Amino acid sequence: MSLWSERILGEFPPDLARFWIAADPDDVLLDEHILSELRDRGFEVLPFEDAIAFRADYEARWRQPWDHCEPGPAKALVLHLRSSEPGDLPWDYLRQARLVRLSLANLFPLLSYGVVHRLGAEYREALFDAHAKHASQSLGEAATKDFILTHIFQLGPHLISGNVDLWRELLRLHYRNTPLPTLLADHVQTILAPKPAFAGLPISELFASLATFLRVVQVAWERFLKGKGIEGSRVAEPPSPEYAEVRGGKIEIPFEHPDIRALIDSMFLDGTLHPLLVQKVPADVPDWLTVGIVRDPAARRNLVRDGLKRLLDTMPSDDGSYRDWLSFAKSFGEILSRFHALDQAHAQGLDDMLQKVQQRSDELLASWIRKHYSDLPSLPVAAAPVMLHQVPRFLAMRRGAFDAKVALLVFDGMAMDQWVQIREHVTGRAPKLVFDEGACFAWLPTLTAVSRQALFSGLKPREFADSIAWTSAEPSLWSRFWQDQGLRASEILFRKGIRRLDQLDELAEALSKPSLKVAGIVVDTIDEIVHGAVLGKRGIASQIDSWCTSGFVEQLFALLLDQGFDVYLTADHGNVEAIGSGRPNQGVIAESRGERVRIYPTDLLRKQSAEQIPGTIELPSPALPPDFLPLFAGGRTAFVNKGEPLVAHGGISVEELIVPFVEVNQPN
């Protein structure tokens, strides 16, 4: 256990009290490892976000059993309060509970609180260790930033003197998926900007934004190959070359330096960078360049093969961070999209390796979910949503911070690999668009009625139990969330069933109302394609290609951006290819008969069905209603006729559970 976890957990001795209040304005307690350890010790942490909702949950699940001298759902309950002062809590809570105060100012006394507070929660564990080992005196704001850069990111900006130094550090950080927080990236720019070697470079953007960094590297690579006599086009169309221009010229990257070459090679293999499609290569081109070019279908196949091997080697463990799984899902999506772009003949020899990646990742993810999934809903949302129900809160924070209009696009049923495919089409047709790409977890079971309602309501499934079986309540849930944020009904828009170009005119009229502040839009084309699929995900990829060719997606983006909206895109769940394992013979006892999951009103009925088909999975989920009990099909199977192939959703896999969360921008 880390020093950080020991320090926080030391505030909660077991068996000292059964009701606790954590006054925690900095969300110190909402660390995934600390939450997991507290759960193992018999503590359940509940955020105090809505007094009425908390009171109802507390009275029904905790106080009533305690008053009858019965155990509650766990040995102890921790009420988590995002405030340093608990005085606004009901008097009976304060009288019964043991109070613990947690503060970054007390935990990092020698560092600038203003800097540490703005740093992402994921860095606190390493920073606490560095603070204990290396901090010897009080540091001001600039010195604290230098301390963090040195001990957390292993970056010494004062030592960067030339182009090789700069790009080696940029590639190292982005390859490890550790872009700098904006406050540190701005600090690095302050140090480097005065140096002549970096005049005009967007230093802060390059360190903080993966999207900007990749655009610049991609264009610089294409220009570098052209200088070697190699011309071609990106596997999709290239972005606008002007994107990589700066004052007095274009950004040049020293690709031939050994340190740069090694990192570039890895980024092509894992799908982060896209190779150049070429017809002819000069005979004297060095071998190391070939990782970034594709000459024929066999070369594309080899690129997918190497990417699958890399996925097997870098798969997260069942004790990994949720961030590890989000990062893996993004890499998997890139490789899977490339796989489905291969023709059948070249893809056939890779099926076994792909199935090995899928089987192993499914097993590890299921094991990880048992240990950690219950903690995800409580994690902080300030930097980015971790789960779909946190998206509205994240958008509300962004709207409040920038007084912006916000649009949420939900591409119903879109898996990560299908987003990659769409992104590549849009990049070619609208090269000025920039995508800041992240990912988040859908809700289990990955059914539309569960996950999409959570997405539009900002609630956990237990909190919309009355409508959990259908989606007709989504408009009112979306409107209620935003009215709770202070908006009027006339300032809120919800539209679903958007899928064709001829619907955009009516949507444009609705979006043009001056009073409008937020819009929620469901695009259900992919879900329709998936439910009608007869040729698996390869056939779905072909249909998505045709849909993208219509221009619908980039025109939808343009419509929203032109109306002044900040645009965010996500999905309610993904989809997988599955094989039927048989239908449980159960009459009418299942309340919902999905292909990858079935829902039962009691645990006894669920267990009776589980006995009929080996390999099914039961997972505890306190966030679901007590009479909404899922039984998941195991592996890549489905509750349909034995041997029947299909594409479905509802179950437990990387492709179903982890979905894109993307900010769409168009820089001026």
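Use the structure listed above.
Presented here is a report on the structure given in the accompanying data block. Owing to the predicted nature of the structure, the values given are computational and were not obtained by experimental measurement. (Residues numbered from 1 in each chain as written. Predicted model: local features only at pLDDT ≥ 70, side-chain atom pairs only at ≥ 80, totals over all residues. Heavy atoms only, no water.)

**Structural notes on the packing of helix α7 (residues 124-134) against helix α8 (residues 141-151)**
And then number 1: One way to put it is that α7 packs onto α8 with a least axis distance of 10 Å and a crossing angle of 105 degrees. Between α7 and α8, the interaxial angle falls into the category roughly perpendicular. Packed against α7, whose contacting residues are Leu127, Ala130, His131 and His134, the element α8 presents Phe147, Ile148 and His151 at the interface.
And then number 2: Residues belonging to the contact of α7 with α8 are distributed by class as follows: 4 nonpolar, 3 polar and no charged. (Axes fitted to C-alpha atoms, helices over the stretch in contact; angles between N-to-C directions. Helix = DSSP H or I, 4+ residues; strand = E, 2+ residues; numbered from the N terminus. Parallel < 35°, antiparallel > 145°, perpendicular 65-115°, else oblique. Contact = heavy atoms within 4.5 Å. Nonpolar A, V, L, I, M, F, W, Y, C, P; charged D, E, K, R; others polar.)

**Some remarks on the pattern of salt bridges**
And then number 1: In the structure shown here, the tally under the stated rule is 47 salt bridges.
And then number 2: Residue Arg55 pairs with Glu59 through a salt bridge whose shortest N-O separation is 2.9 Å. Linking Arg55 with Glu59, this pair stays in helix α3 (residues 51-67), spanning 4 residues, or about one helical turn.
And then number 3: For Glu85, the salt bridge identified is with Arg101, shortest N-O distance 3.9 Å. Of the two residues, Glu85 is situated in the loop between β3 (76-81) and α4 (91-96) and Arg101 in strand β4 (residues 98-101); the sequence distance between them amounts to 16 residues. (Salt bridge = Lys/Arg side-chain N within 4 Å of Asp/Glu carboxyl O.)

**Digging into the sheet that holds strand β12 (residues 492-498)**
And then number 1: Within the open sheet, the 6 strands sit side by side as β11-β21-β14-β10-β13-β12. Their pairing is mixed. Sheet topology places β11 (434-441) and β12 at the edges, where each strand pairs with a single neighbour. Strand-to-strand twist in this sheet, taken as the mean axis angle between neighbours without regard to direction, amounts to 20 degrees.
And then number 2: Relative to strand β14 (residues 565-570), strand β10 (residues 405-411) is paired through 6 bridges, and the arrangement is parallel. Among the inter-strand pairings, Lys405 is bridged to a residue of β14, identified as Phe565. (Pairing = 2+ DSSP bridges.)

**Considerations on unusual backbone geometry**
And then number 1: Residue Pro445 is reached from Leu444 by a cis peptide bond, and omega for that bond is -5 degrees.
And then number 2: If you trace the backbone, Pro445 turns up in the loop between β11 and α20 (448-457).
And then number 3: The phi dihedral of Asp15 is positive, around 70 degrees, even though this residue is not glycine.
And then number 4: In this fold, Asp15 is placed in the loop between α1 (3-9) and β1 (19-23).
And then number 5: One non-glycine residue, Cys69, lies in the positive phi region at around 55 degrees.
And then number 6: Take Cys69: it is sitting in the loop between α3 and β3.
And then number 7: Its relative accessible area of 75% is what places Cys69 among the exposed residues. (Buried < 20%, exposed > 50% of the residue type's maximum accessible area, 1.4 Å probe, protein only.)

**Quick notes on the packing of aromatic side chains**
And then number 1: Per the stated rule, a full pass over the model turns up 39 aromatic pairs.
And then number 2: Plain terms: the ring middles of Phe19 and Tyr58 are 5.1 Å apart, the flat faces sit at 20 degrees to each other, and that makes the pair stacked. Remark: Tyr58 occurs in helix α3 and Phe19 occurs in strand β1; sequence separation between them is 39 residues.
And then number 3: Classification of Phe19 by relative accessible area gives buried; the value is 2%. (Phe/Tyr/Trp six-rings, centres within 6.5 Å; stacked < 30°, edge-to-face > 60°.)

**A closer look at helix α24 (residues 536-549)**
And then number 1: The end-to-end C-alpha distance of α24 is 20 Å, a good match for the 20 Å that 14 residues give at a rise of 1.5 Å each.
And then number 2: Residues Gly536, Lys537, Arg538, Gly539, Ile540, Ala541, Ile544, Trp547 and Cys548 constitute the buried set of α24.
And then number 3: Just downstream of α24, Gly551 is the residue with a positive phi angle, here 85 degrees. (Expected span 1.5 Å × (residues − 1).)

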